[in-house]
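Here is what each chain is made of, one letter per residue.
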Amino acid sequence: LLIENHQDLNSYDILNIIDTISSSCIGVNWDIGNSLPTGETPLQFYENLKDHIYNIHIKDYKIVKNENSIEFHRCVIGKGNIGINEILQLFMKNNYSHSMSIELGAYEKRVSYVFQKEYWNSYPHYDDNHKSGYFDFVNSRIINVASLDKVEIPNKKFELFQIEESIRNLKNLN
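The text that follows walks through the structure, step by step, so that each part is easy to find. (Residues numbered from 1 in each chain as written. Predicted model: local features only at pLDDT ≥ 70, side-chain atom pairs only at ≥ 80, totals over all residues. Heavy atoms only, no water.)

With 17 residues, helix α6 (residues 156-172) extends 24 Å between its outermost C-alpha atoms, agreeing within 8% with the 24 Å of an ideal straight helix rising 1.5 Å per residue. Taken together, the buried residues of α6 touch β5 (70-74). Regarding α6, its N-cap is Asn 155, as a side-chain oxygen of that residue lies 3.1 Å from the backbone nitrogen of Lys 157 further along. (Helix = DSSP H or I, 4+ residues; strand = E, 2+ residues; numbered from the N terminus. Expected span 1.5 Å × (residues − 1). Contact = heavy atoms within 4.5 Å. Polar contact = N/O pair within 3.5 Å; in protein donor to acceptor, adjacent residues only side chain to side chain.)

Note on placement: Leu 2 falls in strand β1 (residues 2-4). Setting aside its immediate chain neighbours within four residues, Leu 2 contacts Gly 27, Val 28, Asn 29, Tyr 54 and Asn 55.

Of all hydrophobic cores here, the largest spans 37 residues; its most connected members are Trp 30, Ile 32, Phe 91 and Tyr 134. Every element with two or more residues in this core is listed here: α1 (11-21), β2 (27-31), α3 (42-49), β3 (53-58), β4 (61-65), β5, α4 (84-93) and α5 (128-139). In terms of residues, this core owes the most to one element, α4, which gives five residues. When sequence neighbours within four positions are dropped, the list of residues in contact with Trp 30 reads Asn 5, Ser 35, Pro 42, Phe 45, Tyr 46, Ile 53, Asn 55, Ile 56, His 57, Ile 87 and Phe 91. (Core = buried A, V, L, I, M, F, W, Y, C linked by side-chain atoms within 4.5 Å. Buried < 20%, exposed > 50% of the residue type's maximum accessible area, 1.4 Å probe, protein only.)

Time to look at unusual backbone geometry. Unusually for a residue other than glycine, Asn 95 sits at a positive phi of about 55°. Position of Asn 95 among the secondary structure elements: in the loop between α4 and β6 (99-102).

Attention now moves to the packing of aromatic side chains. With the rule as written, the count across this model stands at 17 aromatic pairs. With a centroid separation of 5.5 Å and 15° between ring planes, the pair formed by Tyr 123 and Tyr 126 is classed as stacked. For the pair shown, Tyr 123 and Tyr 126 are each scored as buried. By way of ring pairs, the aromatic residues Tyr 12, Phe 115, Tyr 119, Trp 120, Tyr 123, Tyr 126, Tyr 134 and Phe 135 are connected into one cluster. (Phe/Tyr/Trp six-rings, centres within 6.5 Å; stacked < 30°, edge-to-face > 60°.)

In the structure shown here, the tally under the stated rule is six salt bridges. Across the salt bridge formed by Asp 31 and Lys 59, the nearest N and O atoms sit 3.0 Å from each other. With a gap of 28 residues between them, Asp 31 in strand β2 and Lys 59 in the loop between β3 and β4 connect regions that are remote in the sequence. No difference in accessibility class separates Asp 31 from Lys 59, as the two residues are buried. One connected set of salt bridges, linked through shared partners, spans Asp 31, Lys 59 and Glu 103. (Salt bridge = Lys/Arg side-chain N within 4 Å of Asp/Glu carboxyl O.)

For the rest of this paragraph, the subject is the layout of surface pockets. Empty space within the second largest pocket amounts to approximately 170 Å³. As for the second largest pocket, its lining consists of 15 residues, of which His 6, Asn 34, Lys 59, Tyr 61 and Ala 106 are closest to the centre. Per-class residue counts for the lining of the second largest pocket are four nonpolar, four polar and seven charged. (1 Å grid on protein atoms, 1.4 Å probe; cavity = no way out; pocket = protein on both sides within 12 Å on 5 of 7 lines; lining within 4 Å. Points joined across faces, edges and corners; volume = space filled by probe spheres on them. Nonpolar A, V, L, I, M, F, W, Y, C, P; charged D, E, K, R; others polar.)

If you check α5, its first and last C-alpha atoms are 16 Å apart, about what twelve residues at 1.5 Å a residue would give, namely 16 Å. Listed as buried for α5 are His 130, Tyr 134, Phe 135, Phe 137 and Val 138. Seen from one end, α5 has its buried residues packed into an arc of 160°, which puts them on one side. Among the exposed residues of α5, those oriented more than 90 degrees off its buried face are Asp 128, Asn 129 and Asp 136. Structurally, α5 contributes buried residues whose contacts are with α3, β4 and β5. (Arc of directions from axis to C-beta.)

All right, on to the sheet that holds β4 then. Overall, antiparallel pairing links the three strands, which are arranged β4-β5-β7 in an open sheet. The open sheet has two free edges, formed respectively by β4 and β7 (110-112), since each of these has just one partner strand. Across the sheet, the mean angle separating the axes of adjacent strands is 25° when strand polarity is ignored. (Pairing = 2+ DSSP bridges. Axes fitted to C-alpha atoms, helices over the stretch in contact; angles between N-to-C directions.)

Purely geometric numbers; function is a separate question.
Printed below as a string of structure tokens:
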């Protein structure tokens, strides 16, 4: 049985569930893109749960900063700025041998209010060093909102196009 890090669950929450219930029957379906809105870089999440990951949702985002939040915008895998190439290289280096799947982000942007003190109350495991690493990662990848692609009206043709482009991009990554 695999738990996905969906919405607000971070690696510590999932590790607590695994340790409380049973590591022999519970693992992780890691959605790479879902790490960031919960205050973790993909590397921070991976390092904490790598021994429990049995499926990976490959997802990319374009990260945009607002006054008090960070927005995560859907994009073709390989066209975002979360470092998908580095993440996949990490898997190869660590001989990851389980399944992976493509999952595009939702059409609606995801927003995390990481610049508000109250946001961090939900994540007591994060010390100042963790937060500093997270903000260094995010701030080094932020793009201007004007750099976003024109948003298409959701439809099957556009979905297929984005999946096909994602597959082409993944095949071309080093």
